[in-house]
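If you want the building blocks of each chain, they are given just below.
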Amino acid sequence: MAAPVRGAVRVLSRSNRRGTAAVREEAQTEISGALGLAQKLRAEKRSVEEGRQIKRAPRKEEHLSPLQQRVQDLVRYTQQLQNVHPNVLAKNLTRGIVYQDDDVVVIDKPYGVPVHGGPGVKNSVSDVLPILAKMLFGLRADPLRLCHRLDKETTGVMVLARSEEAANYIHKLFKTRQVQKTYWTLSVGVPVPSEGILEIPILEQEIKGQQPHYKMTLAPNYRVSGSDGKTVKTRLKPGAQAAVTHYQVLDSLGSSALVELQPITGIKHQIRVHMAYGLECPILGDHKYSHWDKLAPQKLSEGTLKKLGLEQAKVRYLPLHLHARQLCLPRLQGNKDITLVCKPPRFFLRTLQRLKLTAPQGTSVFYSEK
């Protein structure tokens, strides 16, 4: 850096003895040299950065197991749904229509699509309801209306109303518990006994520690006395809500099970909380409710990891295996009740196969009238 400075001084000292053209030519030469040096340094910096990126690049996909590849594909797909134009998401939802008539449209909600908007949510089901209605019924169609909700990671049957009257009627059916809902889930562990009813209130609670967060938890009506070991009835905690879930193990092998659940009430995260804390068998892929005091990837046994073809380090990418399979809906205007059934998504069925679990017959039926 010293040489360019001396050269610049010489140009200034000789400027009175030389012509203006000569001065400009020498100055231009100095500037060109400096520019060339700067460009060279920038090129070397880019080369170093590219080399670092190559070193940090992930392993090639051919080194992944088939299940790891499918998990990555599912993550990529859900990310794409959040970045596509709303028209594209609406078009995708039309491909998953299970049933429609003058009152309702029933869709098969895909994995990773939130029902409502919120911080960080670019696309949701509620955002595209006006577009979806126009695609199905023409440009003058009224927007479809939400009748209930599913978690972002939950797949399956979801009912949309075509009018305010139908929406109010269906809301009332859900509120008065006249709609029978059936879910399928894959569990980590096998519930004991294999069938029963969980009637444990649920409460939202703040979890303190290194990772403060909120989650739903159990608020039992009874506790065991520490002095004499007797069961003692306790007061219902403020904010706790009654929660009732019927469950039945459809098939099990080793430390995994296919479980059918019918939530009688509709509390937030009810099935996930009852499975994880009531039965101590969290849902496969439910990383939020697999630990009580922290947010961390689910811990799986060596046998389950081997069946799934996964390493424990990759378990965090495992999707939640919770599917809203069936919904029995009383109809408007004295029409027949309908039973709507959605086949589980591909990733659910493939995991079922890898765990060597068998689903009952009839999973491909979409709807029937009675």
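These numbers come from a predicted model, not from an experiment.

1. Points about the overall build of the protein chain
When helices and strands are counted, the protein chain shows nine helices and 15 strands. Per-residue burial over the protein chain gives 42% buried out of 370 residues. Counting only contacts in the protein chain whose residues sit at least 6 apart along the sequence, the fraction spanning at least 24 positions is 65%. Element-wise, carbon and sulfur atoms account for 51% of the exposed surface of the protein chain, whose accessible area totals about 21,400 Å².

2. A word on the confidence of the model for the protein chain
Taken residue by residue, the protein chain gives an average pLDDT of 82. The fraction at 70 or more is 76%. Predicted confidence for residues 1-18 stays below pLDDT 50, and this span has seven contacts to residues more than four positions away or in other chains.

3. Here's the deal with the nonpolar core
Buried together is how nonpolar side chains tend to be arranged in soluble globular proteins. L144, L146, L160, I202, V259, I271 and M275 are the most contacted members of the largest nonpolar core, which totals 42 residues. Contacts of L144, omitting those with residues within four sequence positions, involve V105, L129, L132, A133, L136, F137, L160, A161 and R162. V106, V179, L340 and C342 belong to the second largest nonpolar core, which has 19 residues in total.

4. Structural notes on the packing of aromatic side chains
Under the criterion given, the structure shown has three aromatic pairs. Aromatic side chains Y111 and F347 sit 5.5 Å apart centroid to centroid with 75 degrees between the ring planes, which places their arrangement in the edge-to-face category. In this pair, Y111 sits in the loop between β2 (104-109) and α5 (129-137) while F347 sits in helix α9 (residues 346-354), placing the two residues 236 residues apart along the sequence. The pair Y111 / F347 is uniform in exposure class, with both members buried. For the pair Y277 and W292, a centre-to-centre distance of 5.7 Å together with 80 degrees between the ring planes defines the contact as edge-to-face. Placement of Y277 in helix α7 (residues 270-278) and of W292 in the loop between α7 and α8 (302-308) is noted, with a sequence separation of 15 residues between them. Within the aromatic cluster, the residues linked to one another by ring pairs are Y277, Y289 and W292. Just above the ring of F137 sits the side chain of R162; from NZ or CZ to the centre is 3.5 Å.

5. Some details on the pattern of salt bridges
Between side chains of opposite charge, pairing is possible as soon as their charged atoms come close. If you walk through the whole model with that rule in mind, you get five salt bridges. Between D151 and R149 there is a salt bridge whose closest N-O contact spans 3.4 Å. A relative accessible area of 12% places D151 in the buried class. Residue R149 is classed as partly exposed on the basis of its relative accessible area, which comes to 47%. Across the salt bridge formed by E204 and K268, the nearest N and O atoms sit 3.9 Å from each other. Within this pair, whereas E204 is found in strand β7 (residues 202-207), its partner K268 is found in the loop between β12 (256-263) and α7, the two being separated by 64 residues in sequence. The class for E204 is partly exposed, based on a relative accessible area of 44%.

6. Re unusual backbone geometry
Cis geometry marks the peptide bond from V192 to P193; its omega dihedral reads 0 degrees. Residue placement: P193 occurs in the loop between β5 (180-188) and β6 (195-199). Even without being a glycine, R177 presents a positive backbone phi close to 60 degrees. Located in the positive-phi region is K356, a residue other than glycine, with phi close to 60 degrees.

7. Side note on the packing of helix α4 (residues 86-94) against α5
Two elements in contact, α4 and α5, have axes whose closest approach is 9 Å; the angle formed by their N-to-C orientations is 55 degrees. Taken together, α4 and α5 sit at an angle that is classed as oblique. For the pair α4 and α5, the crossing hand works out as right-handed. Residues P86, N87, A90, K91, L93 and T94 of α4 touch α5, and the partners they reach there are I131, L132, M135 and L136.

8. Some thoughts on the pairing of β5
Buried residues dominate β5, accounting for seven of its nine residues. Inspection of the sheet shows β5 paired to strand β13 (residues 322-329) by six bridges, in the antiparallel sense. Within β13, the position partnered with K181 by the bridge is L327. Taken together, the six bridges between β5 and β12 define a ladder with antiparallel strand orientation. Counterpart to W184 in the pairing with β12 is E260.

9. What about α7?
Counting buried residues in α7 gives seven out of nine residues, a clear majority hidden from the surface. Among all positions of α7, only Q270, I271, R272, V273, H274, M275 and A276 are buried. Backbone geometry just after α7 places E280 at a positive phi near 55 degrees.

10. Some remarks on the environment of L93
Summarising the element assignment, L93 is placed in helix α4. Sequence-wise, L93 and V125 are 32 residues apart; in three dimensions their C-alpha atoms are separated by 8.6 Å. In contact with L93, other than residues within four places in its own chain, are I107, P110, V128 and L132.

What counts, and at which threshold
- Residues numbered from 1 in each chain as written.
- Predicted model: local features only at pLDDT ≥ 70, side-chain atom pairs only at ≥ 80, totals over all residues.
- Heavy atoms only, no water.
- Helix = DSSP H or I, 4+ residues; strand = E, 2+ residues; numbered from the N terminus.
- Buried < 20%, exposed > 50% of the residue type's maximum accessible area, 1.4 Å probe, protein only.
- Contact = heavy atoms within 4.5 Å.
- Areas by Shrake-Rupley, 256 points an atom, 1.4 Å probe, with all protein chains shown as cover.
- pLDDT = per-residue confidence, 0-100.
- Core = buried A, V, L, I, M, F, W, Y, C linked by side-chain atoms within 4.5 Å.
- Phe/Tyr/Trp six-rings, centres within 6.5 Å; stacked < 30°, edge-to-face > 60°.
- Lys NZ or Arg CZ within 6 Å of the ring centre and 35° of its normal.
- Salt bridge = Lys/Arg side-chain N within 4 Å of Asp/Glu carboxyl O.
- Axes fitted to C-alpha atoms, helices over the stretch in contact; angles between N-to-C directions.
- Parallel < 35°, antiparallel > 145°, perpendicular 65-115°, else oblique.
- Left-handed = near helix turned anticlockwise from the far one by under 90°.
- Pairing = 2+ DSSP bridges.

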